[in-house]
Amino acid sequence: MLSIHNLHVSIGETEILKGLSLDVPAGEVHAVMGPNGAGKSTLSYTLAGRPGYEVTTGTATLDGEDLLSLAPDARAARGVFLSFQYPLEIPGVPAITFLRTAVNAQRKARGEPEMGAPEFLKTVRAAAVELKMDFDMLRRGLNVGFSGGEKKRMEILQMAMLAPRLLILDETDSGLDIDALRIVAEGVNAMRSPQRSMLVITHYQRLLDYIVPDRVHVLAGGRIVASGDADLARLLEREGYDRIVAEAA
Amino acid sequence: MNAPVKLDLRDVSTFPTRRDEAWRYSDFRRAAPAHIEVAGPVASPEPGGLFAAVHGDELAFANGRTADGQGRAELALEGGVQRLRFVTDANGGGWQAQVEVRVAEGARATLLETYEGQGAAYVASAHLSFVLEPGAILERIVLFVEPADAVSVSAADVVLGARASFSQTVVATGAKLQRHETNVIHPGQGAELRMDSVYLLGGARHADLTTAVVHAGADGKTSQLTKGLATESGRAVFQGRIVVERGADQTDARMRHDALLLSDRAEIDAKPELQINADDVSCAHGNTVGALDAMALFYIQSRGVPEAEAKALLTQAFVGEVLERIEHEGARAIVQAFVAERLEGLM
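For clarity, every value in this text was computed on a predicted model and none was experimentally measured.

Q: Got a minute to help me understand the pattern of salt bridges in this structure?
A: For side chains of opposite charge, pairing can occur when their charged atoms come near one another. Under the definition given, this model contains 33 salt bridges over all chains. Between R165 of chain A and D63 of chain A there is a salt bridge, and its shortest N-O distance comes to 2.1 Å. Of this pair, R165 of chain A sits in the loop between α5 (148-162) and β9 (166-170) while D63 of chain A sits in the loop between β4 (53-62) and β5 (65-66), placing them 102 residues apart in sequence. R72 of chain B serves as the salt-bridge partner of E100 of chain B, at 2.7 Å between the closest nitrogen and oxygen. Here R72 of chain B lies in strand β2 (residues 72-77) and E100 of chain B lies in strand β4 (residues 94-103), a separation of 28 residues in the sequence. Overall, E100 of chain B belongs to the partly exposed group, its relative accessible area being 31%.

Pasting the structure below:
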């Protein structure tokens, strides 16, 4: 599914990722953990195609297809979805309009017929109920006046509607209380499937109690310095990053 | 205050230049030829136009002439919807027309005014005068669709009666020089004024939105909101002046202009002015010029929306705040669709 090889990424003059390699096979959930400044968000933004993140060397492919040469919207149409750490507020664009525009833009890019209004509304309503979201909220400007938890639920709702193949969750637990965390994690777990891969990027192990990963990678200094199973996350939580990063160095 | 220029296309000495304070950013004499032939007569258009879906009466000028060949007309409005169309079909040449609009005491009317140009390089000049009798309510919506090399000026004088309400929304899409000017004598006395505009400019199109309001008496309200964008070599001019005369106490006047400058070659000139000569008034103005939020653009694109469509969505949302203030629902929907289509073409 996702294959990253020797990825080097710079922002301006500063190199942030320095030879990162990572494979996430179809159907697996991989966590990327690391101390602040390790390059976690750079990895997620680079995969989604944020302007200003310059790939100097390396490759990233999804099912063998190069992602890095594609515009952000073309990556999305091929199944990449980044759940933002800080979802943007878009005043004047109702969430429901935004969702429908995104769903149909992706369908159009893939040469599929547009989703009609009745089917779309039915699907959105069902997804909103699952996430315990008030449907009226979707008539407001996207994320405008939403609480931190509501914004994260909105991200998961978008994810459910867009049904991506590769989910990248960037610090999805930040700003969530326990109840919101549980609802969001349930939403993510409901999407686990043999055809779908997930990259869960997090500083803390807490989220991984709810979204249990198949593999855990430690990102430090712009590279993966250690990999293991879910127990590695618990070891990191107990002992901190310093020892593992030092041992890997 | 300078005496307003009485533009007469037959007399080049009346053509304003940048030396005229009110025309500092729009050089009419440079844009228009010194000698303007009268545009030839053309058949009156089929009733309809941009606001065809809103039923109502229609007065149409074709190259400055009504169906019975007149260059001026009077409209006495007692209610309902009135379409007013200035249709041009000319290559070179020009026309001028005059309309006097009177809204009866206590009446509530809607005026849907369109400048629909075909052809090239013409000069158009419309002058409107509005009299709102006490308690009259008028909503005026103005749409411009003109060729890129046309020169077009529409100027209006508005006199409000006590407790009257005049609401205006202008959507300018520019031309070689396109100017919409509104001068209002506000008596206070509970009268209310809303003057909004939107401009959407690409290519080398120029639009000038100029307003002047004089609050002559106490207890008057004015609210102005203009939003627009200029891309490519588009050029926008916003001039808004509010004068509160001595004794016009309890005046409540607000003016905002927010713009998006979307290219290095585009230009936006804004001149908001408040002159306050009364005490106990509540007046404010604000003016911003910015760019699209790059992070918001990336966020929308990351959901699969192509860049041009994402920009159209953001710019539509930006100007949407102005269009939401249109009261007539049917007209509002038409203007919203018109703006959305125009933005998709520009992004």
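Q: I tried to follow the pairing of strand β3 (residues 80-91) of chain B on my own but got confused; where do I start?
A: Successive side chains on a regular strand alternate, one facing one side of the sheet and the next facing the other. All names here are of chain B. With nine of its twelve residues buried, β3 lies for the most part within the structure. As defined by bridge partners, strand β1 (residues 57-62) adjoins β3 across six bridges and the pair is classed as parallel. Looking at the pairing, F61 lines up with F86 of β3. Where β3 and strand β5 (residues 108-120) come together, twelve bridges link them in parallel fashion.

Q: Before we go on, may I ask you to explain unusual backbone geometry in this structure?
A: If a residue is not glycine, its phi is most likely negative; likewise, a peptide bond is most likely trans. All names here are of chain A. For N6, which is not glycine, the phi torsion reads 50 degrees and is therefore positive. Tracing the backbone shows N6 in strand β1 (residues 2-11). Under the relative-accessibility criterion, N6 is labelled partly exposed at 29%. At A163, a residue that is not glycine, the phi angle is positive and equals roughly 45 degrees. Looking at where A163 falls in the secondary structure, it is placed in the loop between α5 and β9. Since its relative accessible area comes to 42%, A163 is described here as partly exposed.

Q: How do you make sense of the sheet that holds β2 of chain B when you look at a structure like this?
A: Strand pairing in a sheet relies on backbone hydrogen bonds, with the paired strands running either antiparallel or parallel. Residues and elements named next belong to chain B. Read from one edge to the other, the open sheet built from eight strands follows the order β2-β4-β6-β8-β10-β12-β14-β16, with strand pairing classed as parallel. Every other strand in the sheet has two partners, leaving β2 and β16 (267-276) as the edge strands with one partner each. Taking the axes of each pair of neighbouring strands and ignoring which way they run, one obtains an average angle of 10 degrees across the sheet. Pairing of β2 with β4 involves six bridges; the strand directions are parallel. Each residue of the ladder has a partner; that of L77, found in β4, is V103.

Q: It is not clear to me how the side chain of T101 of chain A should be interpreted in this structure. Could you clarify?
A: Tracing the chain through its elements places T101 of chain A in helix α3 (residues 95-109). Here the side chain of T101 of chain A touches T97 of chain A through a polar contact of 2.7 Å, landing on its backbone oxygen. Ignoring sequence-local partners within four residues, the contact set of T101 of chain A consists of V305 and E309 of chain B.

Q: Please explain helix α8 (residues 230-239) of chain A as it appears in this structure.
A: Given 3.6 residues per turn, any residue in an α-helix points the same way as the ones three and four places further on. All names here are of chain A. Buried within α8 we find A230, L232, A233 and L236. Summarising the axial view, the buried residues of α8 lie within an arc of 155 degrees, below the 170-degree limit, and thus occupy one face. Next to the buried residues of α8 lie β3 (29-33), α7 (206-210), β11 (215-220), β12 (223-228) and α9 (241-248). Positioned one or two residues after α8, G240 has a phi angle of 80 degrees, which is positive.

Q: Even after reading the chapter, I still don't get the interface of chain A and chain B, so can you show me in this structure?
A: In many analyses, interface size is given as the accessible surface area lost on bringing the parts together. In this assembly, 29 residues from chain A lie in contact with 17 residues from chain B. Summing the contributions of chain A and of chain B, the shared interface buries around 1800 Å²; its carbon and sulfur component is 73%. For the interface between chain A and chain B, the tally reads one salt bridge. Linking R303 of chain B and E155 of chain A is a salt bridge whose minimum nitrogen-to-oxygen distance equals 2.7 Å.

Q: Would you explain the environment of R107 of chain A in this entry?
A: Residue and element names in this part refer to chain A. Position of R107 among the secondary structure elements: in helix α3. It is 26 Å that separates the C-alpha atoms of R107 and V144, two residues lying 37 residues apart in sequence. With residues near it in sequence (within four places) discarded, R107 still touches E112, P113, E114 and M115. Side-chain polar atoms of R107 contact the backbone oxygen of P113, separated by 3.2 Å.

Conventions adopted
- Think of each chain on its own: its residues are numbered from 1, step by step along the sequence as written.
- Note on labels: chains are lettered from A, ligands numbered from 1, in written order.
- Confidence filtering applies because this is a predicted model: local features only for residues at pLDDT of at least 70, side-chain atom pairs given and counted only at 80 or more, and all residues used for totals across whole chains, interfaces and linings.
- Think of the side-chain values as coming from all heavy atoms in the structure, minus any hydrogens and water.
- Definition used for salt bridges: Asp or Glu carboxyl oxygen within 4 Å of a side-chain nitrogen of Lys or Arg.
- Segments assigned H or I by DSSP are reported as helices when at least four residues long, segments assigned E as strands when at least two residues long, and all are numbered from the N terminus.
- Burial classes: relative accessible area under 20% of the type maximum marks a residue as buried, over 50% as exposed, and values in between as partly exposed (1.4 Å probe, protein chains only).
- Whether two strands pair comes down to DSSP finding at least two bridges between them.
- Angles here are taken between N-to-C directions and fall from 0 to 180 degrees, while the axes themselves are lines fitted to C-alpha atoms, restricted in helices to the stretch in contact.
- Polar contacts, as used here, are pairs of N or O atoms within 3.5 Å; protein pairs need one atom able to donate a hydrogen and one able to accept it. Residues neighboring in sequence count only if both atoms are side-chain atoms.
- We call two residues in contact whenever any of their non-hydrogen atoms come within 4.5 Å of each other.
- The directions considered for the arc are those from the helix axis to the C-beta atoms.
- Defined in terms of a 1.4 Å probe, buried area is the accessible area two parts forfeit on being brought together, summed over both.

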